[in-house]
Amino acid sequence: MPGKKRLAVWKLASCDGCQLSLLDLEDELLRIAGAFEIAYFVEASSATAEGPYDLSLVEGSIATAHQAARIREIRRESRLLVPIGACATAGGIQALRNFRDFGPFATAVYPRPEQLDALETSTPVAAHVPIDFELRGCPINKRQALEVLSALLAGRTPKGGSHSVCIECKLRGTVCVMVARQLPCMGPVTHAGCGALCPAYGRGCYGCYGPMETPNTGSWSGWWQQRGMDEPDLRDVFRTFNAWAEAFREESERHGS
Amino acid sequence: MDAVSEPARGESFVLEPRALQALLDAIVAEGYQIRGPLVRDHAVCLDEVTRVEQLPVGWTDEQEGGHYRLTRRGGSALFGCGVGQDSWKRLLHRPLALLWSAERDDGGLALSEPHEEPARFAFFGVRPCDLAAINIQDGILAAGRYPDPFYRARRQGLLTVVANCTSAGGTCFCASMGTGPRAESGFDLALTELWPDTANHALLVETGSDAGTRLLAAVPRRPAGDPERREADEATRRAVEQMGRRLDTSDIHGMLMGNLEHPRWAEVARRCLACGNCTLVCPTCFCTNFEDGGDLELRHAERTRRWDSCFTLGFTRLHGGPVRRKIRSRYRQWMTHKLATWFDQFGTSGCVGCGRCITWCPVGIDLTEESAAIRASDGRSGR
Ligand code: SF4
Ligand code: SF4
Ligand code: SF4
Ligand code: SF4
């Protein structure tokens with residue numbers, strides 16, 4: 001058997017939540033360490049090894065010039081590159097700044113904004129380099145992460161589609177909160193992967209996995225508009241963790257600046 | 001109301017509402033697991049029922065396109081709610097099933113198939129449209145050269161106790177589809193609720209099989225008379241009158257298949273979310289997809305089957321990508337399969353008129369309305 005595959009986990013502009021989801025795979029961590037050489041994962045171990053890597057998981061968006069350069073290096077060093085989480089796949093909550101002038105934000109928050117070295121925008125990994133697969137979510141689902149690792153080792157396609165959250169909701173047997181309780185659930189326009197968690201707890205989906213494969217956001221908004229949702233609210237429901245994902249961005253811009 | 005003589009198949013009886021518990025007990029005593037309607041999470045769901053009080057007594061529902069609301073109306077009606085989101089499909093044709101798994105050790109590969117214990121379900125309170133849907137799925141999944149062993153194991157020992165509809169829901173159109181509101185055959189027992197909220201409240205019971213008839217032996221009952229039969233006919237007629245939707249099925253195959261380029265398909269595609277809810281709540285849709293999984297050590301592999309929908313891109317993904325890229329073509333696939341090409345494939349309509357796809361579509365898309373719109377501007381030449 002050839003040597004173990006080399007795994008690296010990187011962090012760019014992010015909150016560490018997705019890496020914590022990986023570490024939360026408590027029962028499987030030793031097995032992952034048995035199956036891979038964990039060459040770079042600073043959140044887990046300070047020992048780091050040089051590339052190349054068979055698989056790089058990247059958490060975080062590109063929000064500084066340094067990160068923009070870094071992601072190119074990571075790409076060069078990695079056979080497979082998989083962005084994980086809403087920051088890496090859509091720009092994250094920090095991409096809210098993309099809708100405004102960055103200058104006044106910096107002045108409002110930092111006493112010496114001239115010391116900042118930040119880009120005007122927060123953008124996903126795929127806006128900078130080609131990617132091989134992506135794991136959505138804010139944060140990612142640890143079971144999905146494990147599935148990607150196992151699939152890579154077996155050379156097969158990871159399970160799960162890019163269809164709506166509704167499909168998972170029905171598989172699970174949850175009563176639809178949009179129909180039975182008139183809650184604005186974003187499940188019909190949101191990418192599956194979480195297992196339809198929020199509706200199972202009696203809340204509408206917040207869209208944290210970003211747009212599904214063919215999101216009809218206009219129809220969704222039209223339905224809620226007829227039921228009294230106003231323009232600022234419609235703008236804001238699409239402007240959260242995946243605000244900069246194309247379909248959500250365009251829909252939010254239809255309802256306000 | 002006493003059991004005077006042995007009941008005979010084909011006879012009808014009258015039960016007082018409290019005698020229903022004796023019926024449930026008799027079903028359990030025969031070794032069945034009862035599944036029936038109960039209120040949970042703001043809807044009528046299908047789950048284990050052993051006591052009459054678990055039924056949605058005194059509840060009613062309001063159903064419209066994209067709208068379902070349970071309300072308490074009080075009173076004694078046992079079957080005042082129509083069908084909920086779930087159909088019996090969830091129990092017979094499960095959403096997820098392990099097909100096989102394999103273990104590898106140094107010696108080689110060991111394959112195993114899950115052993116499916118035959119279930120003994122008693123479905124209690126099956127609506128006539130849903131009985132028709134089970135019949136349709138039987139023809140697809142349990143018959144033919146390649147019957148589905150999972151479906152068969154759960155279907156074989158099934159007992160069905162129908163609850164005929166004496167009021168119809170806002171999205172129902174079984175009368176158009178010829179599946180209700182009263183079941184004529186294919187059940188073990190069929191109940192019709194008479195005069196709820198009055199002192200005469202009773203249930204007419206029709207026997208449809210030996211197994212059903214035997215169950216009545218221990219249940220206090222009296223033979224049905226003309227007043228009960230007449231009221232059951234009346235209640236059925238009232239339900240037909242009340243039906244919230246209708247579908248014109250005349251030449252529906254020709255009408256839809258002759259209008260594949262009708263502009264209405266593009267119009268409905270502007271509203272359709274391609275979320276797949278309509279197909280998953282439909283009691284006859286049977287489509288599935290397969291997924292392979294395995295562990296990190298490459299010692300264990302497995303193949304699972306899960307419900308899929310013709311609304312997902314994955315459903316038609318071949319080399320080079322999905323075939324039905326546009327929502328227009330996916331909606332058209334769904335509706336023409338349900339109402340037209342199902343006849344070519346299975347000899348019946350794929351729709352029983354239960355209305356679930358209308359109620360549980362998050363944006364209230366209604367296939368009766370879409371079909372009527374196409375018919376109203378039929379694009380076939382000479383019309
Ligand atoms: S609750 Fe939300 S995710 Fe679930 S089926 Fe309804 S709309 Fe879809
Ligand atoms: S197509 Fe709609 S109305 Fe017809 S059986 Fe299916 S869910 Fe019921
Ligand atoms: S309508 Fe779609 S999901 Fe339903 S049986 Fe036909 S192809 Fe399958
Ligand atoms: S018709 Fe309704 S339920 Fe069906 S896919 Fe379209 S939006 Fe979803």
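Residues numbered from 1 in each chain as written. Chains lettered and ligands numbered in written order. Predicted model: local features only at pLDDT ≥ 70, side-chain atom pairs only at ≥ 80, totals over all residues. Heavy atoms only, no water.

Novice: Outline the overall build of chain B, supporting the account with residue identities and numerical values.
Specialist: Broken down by element type, chain B carries 13 helices and 16 strands. For 383 residues, the compact-globule formula gives about 21 Å, and the C-alpha radius of gyration of chain B, at 23 Å, lands near that figure. With the C-alpha coordinates aligned to their principal axes, the bounding extent of chain B is approximately 70 × 70 × 35 Å. In chain B, which comprises 383 residues, the share counted as buried stands at 56%. (Helix = DSSP H or I, 4+ residues; strand = E, 2+ residues; numbered from the N terminus. Rg over C-alpha atoms; globule rule 2.2 N^0.38 Å. Buried < 20%, exposed > 50% of the residue type's maximum accessible area, 1.4 Å probe, protein only.)

Novice: Can you explain the site of ligand 3? Please cite residues and give values.
Specialist: What surrounds ligand 3 is the set Thr279(B), Cys285(B), Phe286(B), Cys287(B), Cys310(B), Phe315(B), Gln333(B), Trp334(B), His337(B) and Trp342(B). Sort the elements by how many residues they give to the shell around ligand 3 and helix H11 (residues 327-346) of chain B lands first, with four residues. (Near = heavy atom within 4 Å.)

Novice: Tell me about the environment of Gly187(A), and name the residues and values.
Specialist: Residue and element names in this part refer to chain A. Its place among the elements puts glycine 187 in the loop between helix H8 (177-181) and helix H9 (197-200). You can call glycine 187 buried: its relative accessible area is 1%. Separated by 17 residues in the primary sequence, glycine 187 and glycine 204 have C-alpha atoms spaced 7.5 Å apart. Apart from residues lying up to four places away in sequence, glycine 187 is in contact with Ser164, Val165, Cys166 and Cys205. (Contact = heavy atoms within 4.5 Å.)

Novice: Just give me the short version of the interface of chain B and chain A, but keep the residues and values in it.
Specialist: Across the boundary between the two partners, chain B contributes 50 residues, which contact 39 residues of chain A. Of the roughly 3400 Å² buried at the junction of chain B and chain A (both faces included), carbon and sulfur atoms supply 59%. Linking chain B with chain A are one salt bridge. In terms of residue class, the side of chain B that touches chain A is made up of 21 nonpolar, 15 polar and 14 charged. (Buried area = accessible area lost by both parts, 1.4 Å probe. Salt bridge = Lys/Arg side-chain N within 4 Å of Asp/Glu carboxyl O. Nonpolar A, V, L, I, M, F, W, Y, C, P; charged D, E, K, R; others polar.)

Novice: Give a detailed account of the nonpolar core, specifying residues and quantitative values.
Specialist: With 62 residues, the main nonpolar core has Trp220(A), Leu256(B), Tyr331(B), Trp334(B), Met335(B) and Leu367(B) as its most contacted residues. Top element by residues in this core is H11(B). It accounts for six residues. Once residues within four sequence positions are removed from consideration, Met335(B) is found in contact with Leu256(B), Trp265(B), Ala340(B), Leu367(B), Glu370(B), Ser371(B) and Ile374(B). Counting 32 residues, the second-largest nonpolar core is a separate cluster that includes Ala142(B), Ala190(B), Val352(B) and Cys354(B). (Core = buried A, V, L, I, M, F, W, Y, C linked by side-chain atoms within 4.5 Å.)

Novice: Hey, could you go over the site of ligand 1 for me, with residue numbers and the actual values?
Specialist: Lining the immediate surroundings of ligand 1 are Val165(A), Cys166(A), Cys169(A), Lys170(A), Cys176(A), Val177(A), Met178(A), Cys185(A), Gly187(A), Pro188(A), Pro199(A) and Asn277(B). More than one chain reaches ligand 1: the nearby residues come from chains A and B. Contributing elements (two or more residues each) for the shell around ligand 1: helix H7 (165-172) and H8 of chain A. With four residues, H7(A) is the single largest residue contributor to the shell around ligand 1. The class makeup of the residues in the shell around ligand 1 is nine nonpolar, two polar and one charged.

Novice: Just give me the short version of helix H12 (residues 246-254) of chain A, but keep the residues and values in it.
Specialist: Residues and elements named next belong to chain A. Those residues of H12 lying buried are Ala247, Phe248, Glu251 and Ser252. What you see down the axis of H12 is that its buried residues fit within an arc of 125°, all on one side. Taken together, the buried residues of H12 touch helix H10 (217-226) and helix H11 (231-237). (Arc of directions from axis to C-beta.)

So yeah, pure geometry; function would need other evidence.
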